[in-house]
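Chain by chain, the residues:
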Number of protein chains: 2
Amino acid sequence: MRISELAATSGVPIPSIKYYLREGLLQPGDATAVNQADYGDAHVRRLSLIRALIDVGGLSVATAKEVLDAIDTPDMPLAGVFGHAQVAVSRADLYQRAPSEAARARVDGVIRDNHWFVSDRNPGRIAAANVVDAFVGAGHGELLDLIDRYAGAALEVAQADLDAVAKQPDVSAMAETVVAGTVLGDALFAALRRIAQEHVTSERYPVHDYDARPDCLPTHPRNRNAS
Amino acid sequence: MRISELAATSGVPIPSIKYYLREGLLQPGDATAVNQADYGDAHVRRLSLIRALIDVGGLSVATAKEVLDAIDTPDMPLAGVFGHAQVAVSRADLYQRAPSEAARARVDGVIRDNHWFVSDRNPGRIAAANVVDAFVGAGHGELLDLIDRYAGAALEVAQADLDAVAKQPDVSAMAETVVAGTVLGDALFAALRRIAQEHVTSERYPVHDYDARPDCLPTHPRNRNAS
């Protein structure tokens with residue numbers, strides 16, 4: 001198909017398509033004439049992935065290019081694709097700042113207690129220690145107790161992530177799943193956490209707590225008679 | 001203590017303290033003379049919380065002010081504080097965009113299957129549906145299978161969150177815990193997910209997958225003999 005059809009099919013405007021081509025996020029079509037090229041289904045799929053990474057994953061164009069390059073590198077091992085996607089989606093300020101020794105030790109303890117096998121350079125390892133420092137610094141050291149239960153939930157999520165990867169038919173599809181799952185998975189989990197927080201709050205706190213702000217939260221059925 | 005001591009004790013520079021005072025993030029000290037005020041431990045604690053929200057939570061000063069206002073509003077019910085913190089920490093583009101009916105129905109199904117009780121306006125409910133749309137749009141509809149297992153993990157995390165809140169001595173401390181936990185908890189969970197992903201990957205994929213990039217991931221002990 002021509003670029004105009006590609007735009008119509010994908011819903012991505014022609015100027016954006018040209019921009020992604022120039023920046024190397026989208027592979028060129030097959031040249032059919034000077035200034036004319038033929039695009040296929042692979043281009044439609046790639047455009048959808050690009051838009052998901054940028055619009056929903058919140059990645060910059062430059063960062064999206066990095067993770068797409070990882071997908072496109074032949075023989076990039078899965079761990080390498082994960083590494084690129086993880087770094088792309090991690091806030092640089094959280095893993096480039098050096099945490100305290102005590103915070104590092106707290107995170108190391110979680111890894112050891114769970115018998116996890118993780119390199120020293122894992123971006124999450126450093127980011128987690130920086131959050132530990134922030135809890136203590138903010139005077140909420142009691143929130144450190146969360147880390148063990150969060151770790152259990154994180155393991156479940158990671159197992160689900162890798163199960164989804166394992167179901168893919170080939171290495172290229174696996175790499176794409178790693179990128180889409182890593183980048184969009186954070187947003188999905190954060191959203192579900194907000195839903196679950198509201199549910200648990202409505203279950204645990206009786207209705208009269210909400211009277212001052214009735215539009216904020218509905219009353220859990222179990223608590224409706226408490227008013 | 002004077003503002004210079006407050007700066008020394010909290011590690012926050014005087015110009016930043018003055019900025020937070022002007023913007024209303026930090027309550028004024030007790031005036032002792034013209035242009036002089038006395039600050040106490042509450043100011044030190046509040047400064048630590050402000051820095052945690054901005055530096056680690058990634059909030060803007062304006063957004064940090066909104067959640068701190070929620071803490072400082074007398075009789076704001078816990079659900080209201082949660083609501084403010086959730087909105088503050090949610091990416092506006094993810095919950096202000098209207099998801100498709102199909103995506104909404106998928107998320108509604110998760111809420112119904114889990115017997116969760118959640119308002120229609122929960123920001124996570126809308127954000128989750130937008131992520132569902134992104135999975136499908138990116139050609140990775142298979143990743144929708146993740147949502148049920150993610151939901152189970154999100155419930156565990158939310159229960160841990162509310163347990164931490166319940167342990168607080170008074171309503172004001174509970175409100176602070178809600179804010180610190182909501183804002184920093186996303187960063188903590190995302191970090192632990194990256195750690196767990198590396199662990200599960202090293203467990204499931206044999207060593208020779210990593211030969212091409214040996215500095216990326218260590219080899220899980222179980223797989224060391226496979227090379």
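Everything below is about the structure printed above this text.
Let us look at the structure shown here. Owing to the predicted nature of the structure, the values given are computational and were not obtained by experimental measurement.

Description of unusual backbone geometry
You will see that N35 of chain A, though not glycine, has its phi angle at about 65°, which is positive. Looking at where N35 of chain A falls in the secondary structure, it is placed in the loop between β1 (30-33) and β2 (36-38).

Notes on the interface of chain A and chain B
Interface size, as often reported, equals the accessible area lost upon joining of the parts. Each partner contributes residues to the interface: chain A has 107 residues there, and chain B has 107 residues. Buried surface at the junction of chain A and chain B, summed over both partners, amounts to about 9100 Å²; 66% is from carbon and sulfur atoms. For the pair chain A and chain B, the number of links is ten salt bridges. For the salt bridge of R193 of chain A with D161 of chain B, the shortest nitrogen-to-oxygen distance reads 3.0 Å. Taken together, chain A and chain B are joined by 36 residue pairs in polar contact (both at pLDDT 80 or more). No other element matches helix α10 (residues 171-204) of chain A, which puts 27 residues into the side of chain A that touches chain B. Class assignment of the residues belonging to the side of chain A that touches chain B gives a composition of 56 nonpolar, 26 polar and 25 charged.

Points about the pattern of salt bridges
Two side chains with opposite charge may pair up if their charged atoms get near one another. Evaluated as defined, the whole model comprises 22 salt bridges over all chains. Where D69 of chain A meets K65 of chain A, a salt bridge forms, and the shortest distance between an N and an O atom there is 3.1 Å. Residue D69 of chain A and its partner K65 of chain A are located together in helix α4 (residues 61-72), separated by four residues, close to a single helical turn. Here D69 of chain A falls in the partly exposed class, since its relative accessible area comes to 32%. Here K65 of chain A falls in the partly exposed class, since its relative accessible area comes to 26%. Put simply, D161 and D186 of chain A together with R193 and R194 of chain B are held in one network by salt bridges that share partners.

Reading guide: rules and limits
- Residues numbered from 1 in each chain as written.
- Chains lettered and ligands numbered in written order.
- Predicted model: local features only at pLDDT ≥ 70, side-chain atom pairs only at ≥ 80, totals over all residues.
- Heavy atoms only, no water.
- Helix = DSSP H or I, 4+ residues; strand = E, 2+ residues; numbered from the N terminus.
- Contact = heavy atoms within 4.5 Å.
- Buried area = accessible area lost by both parts, 1.4 Å probe.
- Salt bridge = Lys/Arg side-chain N within 4 Å of Asp/Glu carboxyl O.
- Polar contact = N/O pair within 3.5 Å; in protein donor to acceptor, adjacent residues only side chain to side chain.
- Nonpolar A, V, L, I, M, F, W, Y, C, P; charged D, E, K, R; others polar.
- Buried < 20%, exposed > 50% of the residue type's maximum accessible area, 1.4 Å probe, protein only.

Taken by themselves, the reported measurements are silent on function.
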